[in-house]
Protein chains: 2
Amino acid sequence: MSYKSDIEIAREAQKRPIQEIGAKLGISSNDLVPYGHDKAKISQSFINSVQDRTDGKLILVTAINPTPAGEGKTTTTVGLGDGLNRIGKNAMVCIREASLGPNFGMKGGAAGGGYAQIVPMEDMNLHFTGDFHAITSAHSLLSAMIDNHIYWGNDLEIDTRRVVWRRVVDMNDRALRQITASLGGVANGFPRETGFDITVASEVMAILCLANNLKDLEKRLGDIIVAYRRDKTPVYCRDIEADGAMTVLLKDAMQPNLVQTLENNPAFVHGGPFANIAHGCNSVIATKTALKVADYVVTEAGFGADLGAEKFMNIKCRKAGLAPSVVVLVATVRAMKMNGGVAKADLGTENVEAVMSGCANLGRHIENMKSFGVPVVVAINHFVTDSDAEVQAIKDFVVSQGSEAILSRHWELGSEGSAELATRVAEIADADMGNFAPIYPDDMPLFEKIETIAKRIYRADEVLADQKIRNQLKDWEDQGYGNLPVCMAKTQYSFSTDPTLRGAPVGHSVPVREVRLSAGAGFIVAVCGDIMTMPGLPRNPAAKSICLSDEGEIQGLF
Amino acid sequence: MSYKSDIEIAREAQKRPIQEIGAKLGISSNDLVPYGHDKAKISQSFINSVQDRTDGKLILVTAINPTPAGEGKTTTTVGLGDGLNRIGKNAMVCIREASLGPNFGMKGGAAGGGYAQIVPMEDMNLHFTGDFHAITSAHSLLSAMIDNHIYWGNDLEIDTRRVVWRRVVDMNDRALRQITASLGGVANGFPRETGFDITVASEVMAILCLANNLKDLEKRLGDIIVAYRRDKTPVYCRDIEADGAMTVLLKDAMQPNLVQTLENNPAFVHGGPFANIAHGCNSVIATKTALKVADYVVTEAGFGADLGAEKFMNIKCRKAGLAPSVVVLVATVRAMKMNGGVAKADLGTENVEAVMSGCANLGRHIENMKSFGVPVVVAINHFVTDSDAEVQAIKDFVVSQGSEAILSRHWELGSEGSAELATRVAEIADADMGNFAPIYPDDMPLFEKIETIAKRIYRADEVLADQKIRNQLKDWEDQGYGNLPVCMAKTQYSFSTDPTLRGAPVGHSVPVREVRLSAGAGFIVAVCGDIMTMPGLPRNPAAKSICLSDEGEIQGLF
């Protein structure tokens with residue numbers, strides 16, 4: 001039996017006009033700002049008008065540590081959303097937007113897969129509604145205004161060696177990682193070292209995704225620390241007077257984007273902060289608006305549950321006052337096998353023992369998620385090569401952990417395949433079994449927050465950090481930043497900081513190499529490994545084979 | 001009597017849904033790709049469907065050399081379009097899009113002024129439909145792919161000292177004019193000097209504005225010369241294999257944008273190449289599509305007629321097979337006075353003598369435009385301080401030149417004020433009096449083309465160029481580029497290359513400092529002076545006072 005590719009399925013989608021999708025949520029066409037016939041932004045006046053409604057149930061989809069086998073977290077998010085609609089629930093999906101640049105390196109990430117996808121897939125992997133371009137513009141304006149301030153006399157006494165605000169572009173361009181700017185003489189300013197990150201790594205992205213509204217956005221933009229003086233006092237974006245104009249550039253980008261699944265159910269696709277140096281979730285404004293218009297909101301967090309779900313809970317939910325009713329933890333037979341030591345080439349062969357051995361990784365994530373006070377359901381995202389015995393092995397393991405696992409065939413069958421999962425998830429959400437709380441309080445010292453995550457989530461024995469880092473954290477506490485949550489930047493492939501340590505490692509150490517303050521976004525970043533904020537293109541970038549066919553269809557992007 | 005500001009008038013506009021505006025042109029809502037409720041792109045299938053129709057009449061609005069007094073070329077373009085509609089003609093306007101970056105330096109350029117404006121003004125000065133962001137992305141992809149090619153082994157043997165493709169950003173950022181990139185070690189590539197231009201200076205912008213369709217766009221992108229080898233043979237974009245992916249990034253940007261005037265008449269606003277190192281006109285696809293759906297199409301060209309109209313005729317019309325039926329040359333009493341030696345502060349005082357003396361500049365433009373075989377009407381764009389005697393002086397002068405001048409009050413009165421101008425312009429266009437031809441043939445040697453423009457349009461005695469430049473032009477002729485037109489980059493403030501020489505200077509020389517080959521766009525650039533392709537921000541950039549009001553209205557942008 002042969003299967004259609006994601007793009008083939010997406011192109012066969014019977015999309016409905018976006019006004020019809022909005023109507024399902026009670027949003028009139030006047031409150032939809034259309035971008036083409038299949039995308040729309042939600043007007044702020046509509047968002048204002050629903051603030052008194054009670055919230056729907058929030059469902060977080062997360063996953064085991066990612067492996068090259070693929071887990072299908074977004075696919076399951078979309079499939080679960082469709083499944084909930086199929087069983088008669090008013091449900092919607094909230095996911096992140098894709099970054100444009102990386103699609104020209106490796107073949108692009110679709111939004112889901114098989115029969116659980118969000119469309120229009122092409123647009124979502126290209127310019128979409130322009131949000132990321134707006135973020136690039138706002139970031140670039142601040143960059144230009146900082147150097148312009150220095151050029152015209154530097155009244156703020158910025159130490160040009162201590163400008164921490166870099167530049168961004170939504171392109172994989174390693175040549176821009178480190179540059180010397182303002183060369184060429186007097187008219188071009190004072191030469192200094194700087195560099196570019198990719199747009200999703202911009203603090204503006206994290207801010208947009210955590211801001212409650214435009215006023216909050218402007219305040220947070222003003223709070224960004226852009227540089228330090230010789231005496232190490234910070235210079236803020238507000239001092240540069242860029243916050244107002246940046247807000248103007250971001251006013252449309254701030255509004256959630258409505259699109260649809262293959263089954264014509266509504267989805268918000270909005271925001272996309274990095275999941276390492278930022279919190280890796282879709283926007284607060286999209287999630288909160290979704291909770292006002294739908295009874296069930298299915299969302300996801302970046303990477304595995306140790307990184308993505310932890311930040312979702314400790315950063316996004318804490319800051320936005322959200323509480324998930326249930327966590328859906330995605331696992332696959334193939335990924336369990338890889339965690340159990342099987343090579344990628346051998347995944348097609350039945351190997352129940354390897355599945356059982358790999359389940360250690362799954363077990364720890366279940367335990368971790370429960371420690372936030374939220375009930376957990378494991379979704380086994382079905383692959384057509386899975387054997388019944390392998391699936392049963394996971395189910396048995398999960399039951400032994402006091403939880404339950406449900407096989408879901410949304411990739412192959414759409415909502416017909418996810419109805420059972422949806423039914424059980426809705427029951428749990430409706431039962432209000434959760435008692436959500438972040439795992440550390442606001443007023444815990446910053447270093448202890450890092451230790452709490454490392455020990456309780458990663459199961460490390462210790463956190464290693466030299467005195468300079470500890471002093472820096474102390475300084476920030478003295479400056480009033482001690483109440484911020486911590487955003488961990490470490491490898492997504494392991495609970496530890498060693499990407500090759502699969503399964504459920506113990507006895508390891510977490511070295512903190514560097515700490516950064518994202519004062520506008522409102523978190524401290526603890527960098528525990530090499531974090532690349534500007535990817536490069538591979539030897540044969542996907543761009544070389546991307547083109548338009550004679551019929552105007554995009555080739556090579558997927 | 002006090003007058004409302006442009007932004008006050010624009011905000012009071014009674015905009016009609018863009019589908020209604022499209023219907024006036026016979027474009028169904030299926031063929032309009034909406035961007036909000038007041039902007040839409042025209043589908044390619046609609047454009048394909050009208051190719052067999054006969055063309056409407058093309059009317060070019062140009063102006064005398066700009067002065068700080070302002071001439072109101074766009075205002076007159078919009079006013080004339082509304083005037084034609086008022087007298088019962090099926091007419092539309094085609095103008096360029098605004099660049100985002102510069103609006104954060106100086107207060108932004110509205111699209112027209114007074115009661116002759118295009119709306120939505122805010123969007124048009126910000127992200128609009130994302131065209132310029134798409135151009136930035138396409139340009140940036142090629143930049144990244146060039147350095148990536150070098151990084152992975154440089155099979156094409158690019159001489160890294162001779163990479164001529166720079167980077168672009170749509171922001172005034174002088175710190176990026178000259179940089180050293182790829183610093184930081186092996187993983188970041190081979191350090192080399194490069195820099196950024198503003199997006200409107202990108203050859204991709206010029207290409208998009210000259211391409212007839214997506215296939216032509218892809219071909220021209222492939223033709224871009226990005227670098228040279230040690231033996232000075234060129235390396236093309238096609239060799240880097242970026243042309244297909246760039247086309248995909250530009251596929252939506254290629255479609256014309258439909259908006260409306262204050263009087264709800266249709267306007268295409270599409271493309272915006274620099275008017276110095278590029279040709280400074282709106283896109284060919286927009287102009288050609290407009291000619292299929294309207295009986296009269298009013299368009300404009302950048303700067304004064306010596307630069308803008310000359311390039312419109314010799315580059316855009318030649319390449320696109322267009323022929324203007326009539327040229328409307330915009331003059332004002334105030335600008336005539338400045339050309340006659342009056343300081344800006346004294347413009348409010350009646351001074352008929354200065355007007356008469358300044359008319360020399362107008363006279364030469366009339367003569368020049370006629371030399372293209374096109375009839376000329378002078379539009380005196382009325383300012384409320386103009387005296388009757390001053391207006392009459394211009395009219396008398398123009399009659400003495402064998403042409404006619406009509407006072408137009410569109411700024412104050414909208415189409416009521418421009419109906420007389422519209423009536424006369426339509427009569428001339430209908431009379432088919434024109435016999436358009438570019439002023440030099442394709443097969444003239446390149447240096448002679450430069451001389452032809454300098455002598456016949458600028459009235460210079462000679463063109464100065466050292467042997468290196470002459471040899472370069474010869475080389476390009478040998479390589480098959482000899483048939484290209486020439487794009488002159490000189491000051492817009494004078495017929496000469498000295499911006500302070502107002503009026504109608506004679507006996508001057510035109511020094512060519514540098515020549516560049518835009519092989520994709522299809523022209524040779526002759527640089528005759530300091531041309532800034534990356535502006536800086538002023539000491540107090542407009543951005544500092546741009547913000548959102550509590551009501552969500554943009555402040556400080558206009």
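Our subject in this report is the structure included herewith. One numbering rule holds for all chains: residues counted from 1, following each sequence as written. Key to labels: chains lettered from A, ligands numbered from 1, both in the order written. In keeping with the predicted nature of the model, local features appear solely for residues at pLDDT of at least 70, side-chain atom pairs appear and are counted solely at 80 or more, and the whole-chain, interface and lining totals rest on all residues. As a rule here, side-chain values cover all heavy atoms of the structure and leave hydrogens and water aside.

## Considering the overall build of chain A
Line of reasoning, step 1. The secondary structure content of chain A amounts to 19 helices and 26 strands.
Line of reasoning, step 2. Since a compact globule built from 558 residues should have a radius of gyration of about 24 Å, the 23 Å found for chain A is in line with a globular shape.
Line of reasoning, step 3. Overall size of chain A, expressed as C-alpha extent along the three principal axes, is 70 × 55 × 50 Å.
Line of reasoning, step 4. Residues classed as buried in chain A amount to 65% of the 558 residues present.
Line of reasoning, step 5. For this analysis, residues touch if any pair of their heavy atoms sits within 4.5 Å. Expressed as a percentage of contacts within chain A between residues at least 6 apart in sequence, the contacts between residues at least 24 apart total 75%.
Line of reasoning, step 6. All accessibility values rest on the Shrake-Rupley procedure with a 1.4 Å probe; residue burial counts only the protein chains present in the view. Within the structure as shown, chain A displays about 18,900 Å² of accessible surface, and the carbon and sulfur contribution to it stands at 47%.
Line of reasoning, step 7. Counting rule applied: Lys, Arg positive; Asp, Glu negative; His and chain ends not counted. Taken as the charge location is NZ of Lys, CZ of Arg, CG of Asp or CD of Glu. A gap of 3 Å separates the mean positions of the 56 positive and 67 negative side-chain charges of chain A. Helical segments are the DSSP runs of H or I of at least four residues, strand segments are the runs of E of at least two, and each set is numbered from the N terminus. Taken over C-alpha atoms, the radius of gyration is set against a globule rule of 2.2 Å times the number of residues to the power 0.38. Buried means the residue's accessible area, taken with a 1.4 Å probe over protein chains only, is under 20% of the maximum for its type, while exposed means over 50%, and partly exposed covers the values in between.

## Considerations on the pattern of salt bridges
Residue and element names in this part refer to chain B.
Line of reasoning, step 1. The salt bridge criterion pairs a side-chain nitrogen of Lys or Arg with a carboxyl oxygen of Asp or Glu, the two atoms within 4 Å. Inspection of the entire model under this criterion finds 66 salt bridges over all chains.
Line of reasoning, step 2. The residue Lys39 makes a salt bridge to Asp123 at a minimum N-O spacing of 2.5 Å. One end of the pair, Lys39, is in the loop between β1 (32-34) and β2 (40-42); the other, Asp123, is in helix α5 (residues 121-124), and 84 residues separate them in sequence.
Line of reasoning, step 3. Residue classification places Asp123 among the buried residues on the basis of a relative accessible area of 16%.

## Observations regarding the environment of Ile87 of chain B
Residues and elements named next belong to chain B.
Line of reasoning, step 1. Examined against the element boundaries, Ile87 turns out to sit in the loop between α4 (73-86) and β4 (91-95).
Line of reasoning, step 2. For the pair Ile87 and Leu250, spaced 163 residues apart in sequence, the C-alpha separation works out to 38 Å.
Line of reasoning, step 3. Once residues lying within four places of it in the same chain are set aside, the contact partners of Ile87 are Ala419, Ala422 and Thr423.

## Let's talk about the packing of helix α8 (residues 214-223) of chain A against helix α10 (residues 243-250) of chain A
Residues and elements named next belong to chain A.
Line of reasoning, step 1. For helices, the fitted axis covers only the stretch in contact; all axes are lines through C-alpha atoms, and the angles between them, taken along N-to-C directions, range from 0 to 180 degrees. Here α8 crosses α10 at 135°, and the two axes come no closer than 9 Å. The angle between the axes of α8 and α10 places the two elements in the oblique class. Along this stretch, α8 crosses α10, giving a crossing that reads as right-handed. Two secondary-structure elements touch here, α8 through Leu214, Leu217, Glu218, Leu221 and Gly222 and α10 through Asp243, Gly244, Met246, Thr247 and Leu250.
Line of reasoning, step 2. Under the grouping applied here, Gly and all other residues not named as nonpolar or charged are polar, the nonpolar ones being Ala, Val, Leu, Ile, Met, Phe, Trp, Tyr, Cys and Pro and the charged ones Asp, Glu, Lys and Arg. Partitioning the contact of α8 with α10 into residue classes produces 5 nonpolar, 3 polar and 2 charged. To sort the angles, those under 35 degrees are grouped as roughly parallel, those over 145 as roughly antiparallel, those from 65 to 115 as roughly perpendicular, and the leftovers as oblique. Each crossing gets its handedness from the near helix: less than a right angle anticlockwise from the far helix is left-handed, clockwise is right-handed.

## Considering the environment of Gly79 of chain B
Residue and element names in this part refer to chain B.
Line of reasoning, step 1. Assignment of secondary structure puts Gly79 in helix α4.
Line of reasoning, step 2. Along the sequence, Gly79 and Asp252 sit 173 residues apart, while their C-alpha atoms lie 29 Å from each other.
Line of reasoning, step 3. Excluding residues within four positions of it along the chain, Gly79 makes contact with Ala116, His410 and Ser418.

## Comments concerning the interface of chain A and chain B
Line of reasoning, step 1. With 66 residues of chain A in contact, the opposing surface of chain B contributes 66 residues.
Line of reasoning, step 2. By buried area we mean how much accessible surface two parts lose on assembly, using a 1.4 Å probe and totalling the loss over both. Overall, the association of chain A and chain B removes approximately 5,600 Å² of surface from exposure, summing both partners, and the carbon and sulfur fraction of that is 64%.
Line of reasoning, step 3. It is Trp152, Arg174 and Leu548 of chain A in chain A that bury the most area against chain B; as a group they hold 11% of the surface buried on that side.
Line of reasoning, step 4. The interface formed by chain A and chain B includes 6 salt bridges.
Line of reasoning, step 5. Taking the shortest distance from any N to any O, the salt bridge between Lys544 of chain B and Glu241 of chain A comes out at 3.8 Å.
Line of reasoning, step 6. Under the rule applied, a polar contact is a pair of N or O atoms within 3.5 Å (in protein, one hydrogen donor and one hydrogen acceptor; residues adjacent in sequence only if both atoms are side-chain atoms). Scanning the region where chain A abuts chain B turns up 31 residue pairs in polar contact (both at pLDDT 80 or more).
Line of reasoning, step 7. In terms of residue count, helix α6 (residues 131-151) of chain A provides more of the side of chain A that touches chain B than any other element does, 10 residues in total.

## Focus: the relation of the copies chain A and chain B
Line of reasoning, step 1. Mapping chain A onto chain B is achieved by rotating through 180° and translating by 0.0 Å along the same axis, at an RMSD of 0.0 Å. On this basis, the relationship between the two copies can be described by a two-fold rotation axis.
Line of reasoning, step 2. Of the residues that chain A buries at the interface, 100% are likewise interface residues in chain B, meaning the two copies contact each other through the same surface. Superposition of the copies used a least-squares fit over C-alpha atoms from residues whose pLDDT is at least 70 in both.

## Points about the side chain of Asp173 of chain B
Line of reasoning, step 1. Along the chain, Asp173 of chain B turns up in the loop between β8 (167-169) and β9 (179-181).
Line of reasoning, step 2. Setting aside anything within four residues of it in sequence, one finds Asp173 of chain B in contact with Ala144 and Arg167 of chain A together with Met534 and Pro535 of chain B.

## What about the sheet that holds strand β21 (residues 486-489) of chain B?
Residue and element names in this part refer to chain B.
Line of reasoning, step 1. Pairing between strands is defined by DSSP: at least two bridges between the two strands are required. The sheet built from 3 strands is open, its strands ordered β21-β24-β23 with mixed pairing. Looking at which strands have only one partner, the edges of the open sheet turn out to be β21 and β23 (514-518). Across the sheet, the mean angle separating the axes of adjacent strands is 25° when strand polarity is ignored.
Line of reasoning, step 2. Here β23 runs beside strand β24 (residues 523-527); their pairing, made up of 5 bridges, is antiparallel. Across the sheet, Arg516 pairs through a bridge with Val525, a residue of β24.
Line of reasoning, step 3. Across the sheet, helix α18 (residues 446-456) is in contact with β21 and β24; its angle to β21 comes to roughly 50°.

## Things to note about unusual backbone geometry
Line of reasoning, step 1. The step from Val119 of chain A to Pro120 of chain A runs through a cis peptide bond, and the omega angle for that step is 5°.
Line of reasoning, step 2. Examined against the element boundaries, Pro120 of chain A turns out to sit in the loop between β6 (116-119) and α5 (121-124).
Line of reasoning, step 3. The backbone phi angle of Phe303 of chain B is positive, close to 55°, even though this residue is not glycine.
Line of reasoning, step 4. Checked against the element boundaries, Phe303 of chain B lands in the loop between β16 (296-300) and α12 (305-320).

## Details of the packing of aromatic side chains
Each aromatic ring pair is characterised by the separation of its centres together with the angle its planes make.
Line of reasoning, step 1. Between the rings of Phe, Tyr and Trp (Trp by its six-membered ring), a pair exists once the centres lie within 6.5 Å; its type follows the angle of the planes, with under 30 degrees stacked, over 60 edge-to-face, and the other angles tilted. Applying the stated rule across the entire model yields 6 aromatic pairs over all chains.
Line of reasoning, step 2. A ring pair is formed by Tyr3 of chain B and Trp411 of chain B, whose centres lie 5.4 Å apart and whose planes are at 50°; its orientation type is tilted. Of this pair, Tyr3 of chain B sits in the segment before α1 (6-11) while Trp411 of chain B sits in helix α16 (residues 410-413), and the two are 408 residues apart along the sequence.
Line of reasoning, step 3. Here Tyr3 of chain B falls in the partly exposed class, since its relative accessible area comes to 33%.
Line of reasoning, step 4. When its relative accessible area of 27% is taken as the criterion, Trp411 of chain B is described as partly exposed.
Line of reasoning, step 5. Sitting above the plane of the Tyr151 of chain B ring, Arg174 of chain A keeps its charged end 3.7 Å from the centroid.
Line of reasoning, step 6. Any Lys NZ or Arg CZ that is within 6 Å of a ring centre and within 35 degrees of that ring's normal is treated as a charge sitting over the ring. The ring of Tyr458 of chain A carries the charged tip of Lys490 of chain A above its face, separated from the ring centre by 4.7 Å.

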